[in-house]
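Chain residues, written in single-letter form:
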Amino acid sequence: MNALIDRINLNAVLARVELNDLLRRVDLNEVLDQVDLNRVIDRVDVNQVLDRVDLDRLVARLDVNALVDRVDVNEIAGRLDIETLVKNTDLGALMVSSSTSLLTEAVDLGRSHAVSMDDTLARWVGRLWRNHATRPGPPGLVNPEEES
Amino acid sequence: MTGPADAGLPVPAPGGAPARRVPLTTRQHLRGHYAGFASRFISFVFDCAISIGAFELALVAASFAASVLAGTSIHWSRGNIWVIVGFFAWEFFYYAYFWTASGKTPGMVLLGVQVVGEEGGHAGTRRGLIRTLAFPLSFILAGFGFLGILLGRDRRALHDVIAGTAVVYCWDAREARLRSLARRSAARRS
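Cut-offs used in this document
For every chain, the first residue of its written sequence is number 1, and the numbers climb from 1 along that sequence. Chains carry letters and ligands carry numbers; both start at the beginning, A for chains and 1 for ligands, and go up in the order they are written. Residue-level local features of this predicted model are given only where pLDDT is at least 70; pairs of side-chain atoms are given and counted only at 80 or more, and the full residue set underlies all totals for whole chains, interfaces and linings. Connectivity within a nonpolar core runs through C-beta atoms within 7 Å, and the core itself is a set of buried Ala, Val, Leu, Ile, Met, Phe, Trp, Tyr and Cys residues. Neighbour counting defines burial: a residue surrounded by 20 or more other C-beta atoms within 10 Å of its own C-beta is buried, one with 12 or fewer is exposed, and intermediate counts give partly exposed, using backbone-placed C-beta atoms. Helix and strand labels come from DSSP, where a helix needs a run of H or I of at least four residues and a strand needs a run of E of at least two; each type is numbered from the N terminus. For every residue, the predictor assigns a confidence score, pLDDT, that lies between 0 and 100. Whether two residues are in contact is decided by their C-beta atoms, placed from the backbone, lying within 7 Å. Residue polarity follows a fixed list, in which Ala, Val, Leu, Ile, Met, Phe, Trp, Tyr, Cys and Pro are nonpolar, Asp, Glu, Lys and Arg are charged, and the others, Gly among them, are polar.

## Some thoughts on the nonpolar core
A35(B), L111(B), V113(B), V167(B), V168(B), Y169(B) and W171(B) are the most contacted members of the largest nonpolar core, which has 32 residues in total. Of all the elements in the fold, those that place two or more residues in this core are α12 (102-128) of chain A together with α3 (37-69), α4 (81-101), α5 (106-111), β3 (113-117), β4 (165-169) and α9 (173-189) of chain B.

Listed below in structure tokens is the structure:
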């Protein structure tokens, strides 16, 4: 048998095989289904792969501006709980030392109480006069779509 | 900052978490919004105190100057026609000057409100003067001229409508709220 095989010119045989036809008849999905990818990945030394990656070159090819343009910074800022940030960090102390005084505190307090009274009066009027509609502010200062 | 403003309105938290109550002053910075009756009234009370106090002080100063320079003391009677004319002229000057110059009297600065044109721009000299002249009308009509602040769509009094002006908040309530939180946080830490 071995002598017979030795006499066969395999290259000549392979040259006559239409590989494309052969590959068309192979169901690659079925082949892949039989591959245990987890085992393959387990055998890959990721660190070694990463060692071979030139990260500097990769980052240099990134268009960071285009990336940042796609980020909605306003949405991120909107998600920030600034009150908690101010409450729980030294940012609050920094703000106090840089911008506040006893007078500022008193003025802030007085103004906010006055606004509370404005709001209460507006609510009372709203209860008495159900169809009462107000605009938030002059068109040049406030977006008319804003809540009143 | 405490009080009713801090009661706020429930605002849905992201991710379906329970709604949290956010103070009114945090919800909106208020700057540019029509000012309410209380803020305007309190600022007017401050202005009355300041302008009348300044006028009284001027009378005392004039009496003192007369006694020093002429050696005769002057007693100003509140019923004296010249005192009355002087008082109204001073009041006119006081309001006209501040409303035309910056739209803010000292009382308004304290309460963080400002006179602006009805479209939101600077009130200007003409509108400031008309507003000052029309201001007494709101009193003369048994105070009904002020009802527009409570009931009107734009919270404008009669003298605002006549002059083509409006009164808006000019302070940043959100900034003040953050300052207040910062103070509390600093007090807790110290």
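Still more to cover.
## Points about the confidence of the model for chain B
All names here are of chain B. Residue-level pLDDT values for chain B average 82, and 84% of them are 70 or greater. Every residue in residues 1-26 is under pLDDT 50, and counting partners more than four places away or in other chains gives 53 contacts. Scored as a complex, the prediction yields pTM 0.62 and ipTM 0.73.

## Some details on unusual backbone geometry
All names here are of chain B. Its identity is not glycine, yet A142 carries a phi of approximately 55°, on the positive side. With respect to the secondary-structure elements, A142 resides in the loop between α6 (124-140) and α7 (147-151). The exposed category is assigned to A142, around which 8 C-beta atoms lie within 10 Å. Non-glycine residue R155 carries a positive phi angle of around 55°. As for its position among the elements, R155 is in the loop between α7 and α8 (158-163).

## Here we look at the interface of chain B and chain A
Contact residues are listed per partner, giving 45 residues for chain B and 39 residues for chain A. Elements represented by at least two residues in the side of chain B that touches chain A include exactly α1 (4-7), α2 (24-27), α3, α5, α7, β4 and α9 of chain B. Broken down by element, the residue count for the side of chain B that touches chain A peaks at 11 residues, all from α9(B). Partitioned by chemical class, the residues of the side of chain B that touches chain A number 25 nonpolar, 12 polar and 8 charged.

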